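# Structural features, examined
What follows is the residue order along each chain.
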Amino acid sequence: MAKRTGAVRTAGWLVAAALWLLVTIAVYDFSPLDWPTHAVRPVAEDVSNVAGRIGAFMAYHLIVAVGPAIWALLAATGVLCVLRFSGYVVPELWLRTSGLVLLVTSLAAGFAHLGTDFYGLPEGDGGVVGIAASFHLERHFGPAGTRLALLVGTIVGLLLVADELFVRWPIALVRRFRAARENVAAKRAGKEPIVVTVPSLPKPTMPRVPKLKMPSLPKFRLQFAKKPDPEPVVTAERLVPDVDDDIAPDVPDIEADPTDVIAQEDALEQIEEVDEEEEVEEQPDTDVEEGVPPKRDLSKIKVRLAKSNAPKQTAPIQQDLDDYELPDWTELAEPEEGFADKQEQFVREKAAQLEEAFEEFNVDATVEAIDTGPVITMYEIAVAKGTKVAQVSGLANDLARTLAAESIRIVAPIPGKSTIGIEVPNNEKEKVRIKDLMQQAPAKTQKMHVPIFLGKDSQGAPLIDDLTRMPHCLIAGTTGSGKSVCINSIIMSILYTQRPDRVKLILVDPKVVEMAPFKDVPHLMCPVITEPGKAAGVLEWATTKMDERYELLAEAGVRNIAGYNALEQEELIERMAPATPEEEARIPKKLPYVVVIIDELADLMMTGGKEVEASIVRIAQKARAVGIHLILATQRPQANVVTGLIKSNMPSKIAFRVASKMDSRIVLDQNGAELLLGMGDMLYLPPGAAKPMRSQGTFIDDDEIRKSVRKVKELAKAQFEPELVQIKNGINVDGDEERDPLYDEAVRVVLETRRGSVSLLQRKLTIGYARASRIIEAMESDGIVGGHKGGQAREAQITIDEWEDLKAQQAGDAAIEEYGEDEELDETYDEEVDELEEADEEDEESLRSEAA
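Conventions and cut-offs
- Residues numbered from 1 in each chain as written.
- Predicted model: local features only at pLDDT ≥ 70, side-chain atom pairs only at ≥ 80, totals over all residues.
- Heavy atoms only, no water.
- Helix = DSSP H or I, 4+ residues; strand = E, 2+ residues; numbered from the N terminus.
- Core = buried A, V, L, I, M, F, W, Y, C linked by side-chain atoms within 4.5 Å.
- Buried < 20%, exposed > 50% of the residue type's maximum accessible area, 1.4 Å probe, protein only.
- Contact = heavy atoms within 4.5 Å.
- Phe/Tyr/Trp six-rings, centres within 6.5 Å; stacked < 30°, edge-to-face > 60°.
- Lys NZ or Arg CZ within 6 Å of the ring centre and 35° of its normal.
- Axes fitted to C-alpha atoms, helices over the stretch in contact; angles between N-to-C directions.
- Parallel < 35°, antiparallel > 145°, perpendicular 65-115°, else oblique.
- Nonpolar A, V, L, I, M, F, W, Y, C, P; charged D, E, K, R; others polar.
- Salt bridge = Lys/Arg side-chain N within 4 Å of Asp/Glu carboxyl O.
- Pairing = 2+ DSSP bridges.
- pLDDT = per-residue confidence, 0-100.

Another aspect to go through is unusual backbone geometry. Residue Pro36 is bonded to the preceding Trp35 through a cis peptide linkage, with omega at 5°. With respect to the element layout, Pro36 can be found in the loop between helix 1 (2-28) and helix 2 (52-66). In this structure, the amide linkage connecting Met470 to the following residue, Pro471, adopts the cis form with an omega of -25°. Among the structural elements, Pro471 can be located in the loop between strand 7 (462-466) and strand 8 (473-476). One non-glycine residue, Asn362, lies in positive phi territory at about 60°.

Here the focus is the nonpolar core. Within the largest apolar cluster, 100 residues are counted, with the highest numbers of intra-cluster contacts made by Ile475, Ile506 and Ile597. When residues of this core are assigned to their parent elements, the largest contribution, 10 residues, is made by helix 14 (residues 532-556). Those residues in contact with Ile597 that lie beyond four places of it in its chain are Ile487, Ile490, Ile491, Leu505, Ile506, Leu507, Val508, Met515 and Ile631.

We now examine the packing of aromatic side chains. A full pass over the atoms with the stated rule returns 3 aromatic pairs. Summarising the aromatic geometry, the rings of Phe111 and Phe118 are spaced 6.0 Å apart at their centres and angled 90° between planes, so their arrangement reads as edge-to-face. Among the residues examined, Phe111 registers a relative accessible area of 21% and is labelled partly exposed. One Lys or Arg, Arg53, reaches over the ring of Trp35 and ends 4.2 Å from the middle of that ring. Taking NZ or CZ as reference, Lys622 lies 5.4 Å from the ring centre of Tyr550, over its face.

Running from N to C, helix 23 (residues 743-753) and helix 25 (residues 769-782) cross one another at 75°; their axes reach a closest spacing of 11 Å. When the interaxial angle is binned, helix 23 and helix 25 end up roughly perpendicular. Taking contact as the criterion, the partners of Tyr743, Ala746, Val747 and Val750 in helix 23 are, on helix 25, Ile775, Ile776, Ala778, Met779 and Asp782. In terms of residue class, the contact of helix 23 with helix 25 is built from 8 nonpolar, no polar and 1 charged.

With that settled, the discussion passes to the pattern of salt bridges. Throughout the structure, instances matching the rule amount to 29 salt bridges. The closest approach of N and O atoms between Glu583 and Arg763, which form a salt bridge, is 2.8 Å. Of this pair, Glu583 sits in helix 17 (residues 581-586) while Arg763 sits in helix 24 (residues 758-765), and the two are 180 residues apart along the sequence. Since its relative accessible area comes to 32%, Arg763 is described here as partly exposed.

In space, the 9 strands of this open sheet follow the order 7-6-14-13-12-8-11-10-9, with mixed pairing throughout. Each end of this open sheet is capped by a strand with a single partner; those strands are strand 7 and strand 9 (503-508). Pairs of neighbouring strands in the sheet enclose a mean axial angle of 30°, with direction left out of account. The strands that helix 14 touches are strand 9, strand 10 (593-598) and strand 11 (628-634); relative to strand 11, the one it contacts most, it runs at about 155°. Along the sheet face, helix 20 (residues 661-668) touches strand 8, strand 12 (652-655) and strand 13 (681-685) and points at about 160° away from the line of strand 12.

On to the environment of Gly78, then. By the secondary structure assignment, Gly78 is in helix 3 (residues 70-85). Residue Gly78 is classed as buried on the basis of its relative accessible area, which comes to 11%.

Turning our attention to the pairing of strand 14 (residues 693-697). Within strand 14, 4 of the 5 residues are buried, which leaves it mostly tucked inside the rest of the structure. Judged from the 3 bridges that link them, strand 6 (residues 451-457) and strand 14 form a sheet pairing that is antiparallel. When the sheet's bridge partners are listed, Lys456 is paired in strand 14 with Gln696.

Let us look at the confidence of the model for the protein. Scored by pLDDT, the protein has a mean of 77; 75% of the residues are at 70 or more. When pLDDT is averaged over each element of the protein, strand 10 comes out on top at 95 and helix 8 (residues 301-308) at the bottom at 30. Across residues 194-318, where pLDDT falls below 50, the model places 156 contacts with residues more than four positions away in sequence or in other chains. Across residues 730-736, where pLDDT falls below 50, the model places 11 contacts with residues more than four positions away in sequence or in other chains.

Among the secondary structure elements, Met606 is positioned in helix 18 (residues 601-622). A relative accessible area of 60% means that Met606 is categorised as exposed. Distance in space between the C-alpha atoms of Met606 and Asn640 is 9.0 Å, their sequence separation being 34 residues.

As C-alpha cells, then:
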C-alpha cells in the first residue's frame, strides 16, 4: 500500500512538472497578436504559439493578470516542484506562499509604474493586478512613496520566499571568504589551515512567560468575570438563526478571478458589435413579493454583468438578494483586554474599606465574594443572624462617603442568595464593544431570530436577548446617559446579523441628527422619518399591516410569523387556494420582521397624543405574532409621555440614568435608575423579571457606524415601501378627512357583493392593502359596513338602492347649500324657474289651440 501511495505521489508531481513546463513554454512564446488577445480586432483564428491554442490562452490570461512578474511565479513554482520531487519538505509553506503573492504583486506594480512595454499590450505591462496596485499607491503616496513601497515589498517578498538564498548564503560566502584569507595567511606563516564551518541560523523561539499567582484573601473569595471558552471559529455566519432554507437559501460561492475583468470587457465589446436589430433574450420581469428575493439565473450571470456596465438604463432593476452575505467584523473596534487584572488591587482595597465601615456602624457583616463588571463591582455581603436588611439599606449614603464613591446601590437581598449586594463604581470603566459580544456569543444566539447585543451584566457576562422574545422595549434616560448609543447598538446588531429581506427597519427620528448615519442602509422600508405627523401616519400604517398579516395567518392556518415562513410554497398555495394567477402572485411567500424604532416619543405625543398612543397600544398588544416590534425611546419619562397604557404594554424596559425617583418609578415601577452613573450604565428589565439587571451598554463610536454603514451599503441598496414613502401626514388637525377618489366605486363593489373585505377591494380596484383598509374603515365610520370580525368579511348595513338615494340626497343638499350661500346664484335660480314656468304655460296654450 505504501509503495502504491508513493507511486501515485510521484506520478502527480510528474504531471505537475509537465504542466509547469507547458505553461513556461507558452509564456516564453507569447505573442500579443494571438487569440484571445484584445490588442487587435478582429482576432485571427490561427496562433503562432508553439503550445497551441491552449498555451496561447493560458499565456494570455497570465500575462494580462500580472505581466512580466509571471516569471517570478514560474520560477518559484518550478523550484517547489524540484524540491518536493526530491523529497525535501519546504518549511512554513503558508508563509512562503504569502511572500510569493507579495513579491509577484510588487513586481507587477513596478512594471506598471515604470511603464515598460515587453509584450506590446495597449495598457502596458503589469497586468490587471499591477495596474490596480500602482494606481492606488500613486494616488496615496505619490511617485517617490510608490517606488519606496514597491522596493520594500519586493525585498520582503524575497526574504519570505527564499530566506536561505538571500540571508544564509551571503553570510556563508562572507565567512568562507574570510576563512580563505586567514588560511592563506596561515600557510604563509607555516601554520595549519583553519577549518571554518557555517552553522545554520537557529529558528526563533517565543520566550515562555511564567504565570503569576495572586495571593488569596483569607476572609472572602474573589470571583472575576470569566469569559466563556473560545469557540473554534466565530464568524458572522455563525450568528445566523437556524431557519429554513426558503428563508435563507444556500447559494454556492462564486470565486472571483482577476481575469474576469477582461472577460467582461470582451463580452461588452461583443454585445456592442451585435446588430441593433438582433434581439437579445432577457429574463422576464416578475413581481417580487415582500420579503422574498427573486431567484437568480446562474446561466446568465455574464450577460447581466455586461449589461449592467452599459450606459443606458431606463428603469430600475429589482435587487437580487439571493447572494447577499452578512458583513464581516473588520470595521468594528477591537475589545479591551486585561480589564479584570487591572481592577484586582482596587477591588481588594474597597473590600477592606467596606468591612471597616461596617465595623464603624456596629454591623456584623463580611465580604463573601466580589463580582467585577465593566463599570461597577458587586460585593456580596453576608450579615450575622438577627441583623435586619433595613440596617444595611439605611447605610447607603454613609457607605458611599466611606468608599469615596459617587453613588452606591444596595440590592437587598440578591435574588436566589442569602447575601446582600452592594454595587460600587470602578475607578476605570471598560468600553463594551459589540465585536467582543459577537465573539463571546453563546450557542443560544444561533437559535435567536433577531439577536440584540445590549452589553454586559454586572458580572461581565454578555447580555444578549432576542427581540422576538422581548418583543417590545421602552428605553428612557437623560441626555448623555447612553440612550442614543443603545439605539445605535440595536440597529448595528440587526445590520450585522440579519439580511435585508428578513428584517425591515422603520426609523423615526424627530431630532433629525441621531439616526442620520443609517439613512441609506438596505434594511430600511422608507427614508428616516423626521416629521412627527408623518410618524403618526407610519404607526397607523403599521396597525393596518398588522391586521393584514393576521388575515394572512388566519387564511394560512398558522399561529405566528414563524409558522407562516416555515410553510413551503406549494403548501402555502394549497392552503390559501387563490382563484386566479393574479391572486396567487399577490400572496407573500415569506413575511419579514418589521422593527419600528422611535428615538424621541415625547415629540410625537406632543403633536398627536391620542392617535400615537392608540397606534402604539394596538401594536404592542397584538403585533408580536405577526413579527412587528416597537422600540420606544425618550429622555422625558413623564406621565404625559409614557402613559399608563404605553408602559403596561411594553414588556421590556431599559432605564439609563434619570433625573428623579419619580422618573425611575414611571419606567421601572421602582427606584434605582436615579443612582446610575451615566455613560451607558443601565438597568435592564426583561419580560417576566421581578427586578432589573445592572448592566453596561454597548459602546459604538461614530467611526464604527460610518464604516459599517458604508460596507453594508456596498452589499445591497435600500428598497423602500411605496405606501410608506407616499404617506404625508397621519394626524388630521382640523378634523376633516379627505375622501378617497375611489370611495364611491368601492362602496358599490361592497354593496353589490354584500362583503366588506379588504382583499376584495384589492382585487377589484387594483390598490394596495393600506389604501383598501382606509376605505373600509371610512365605510365603517359612515355606517355602510359593520365592525371588524377577525378574519371574516364585514357585513353590509345598507343596500345599493339606499346608497343611491343617499347619494342623490347629498347631491341635492349640496346644490341647495351652494345656491343658498350666494344671493346672485339664488336670483339666477329663481329667474330660470320663472322662465321654465312661462314656457310650460305657452306650450299648454298652443296645445289647446291645436286641439280646438
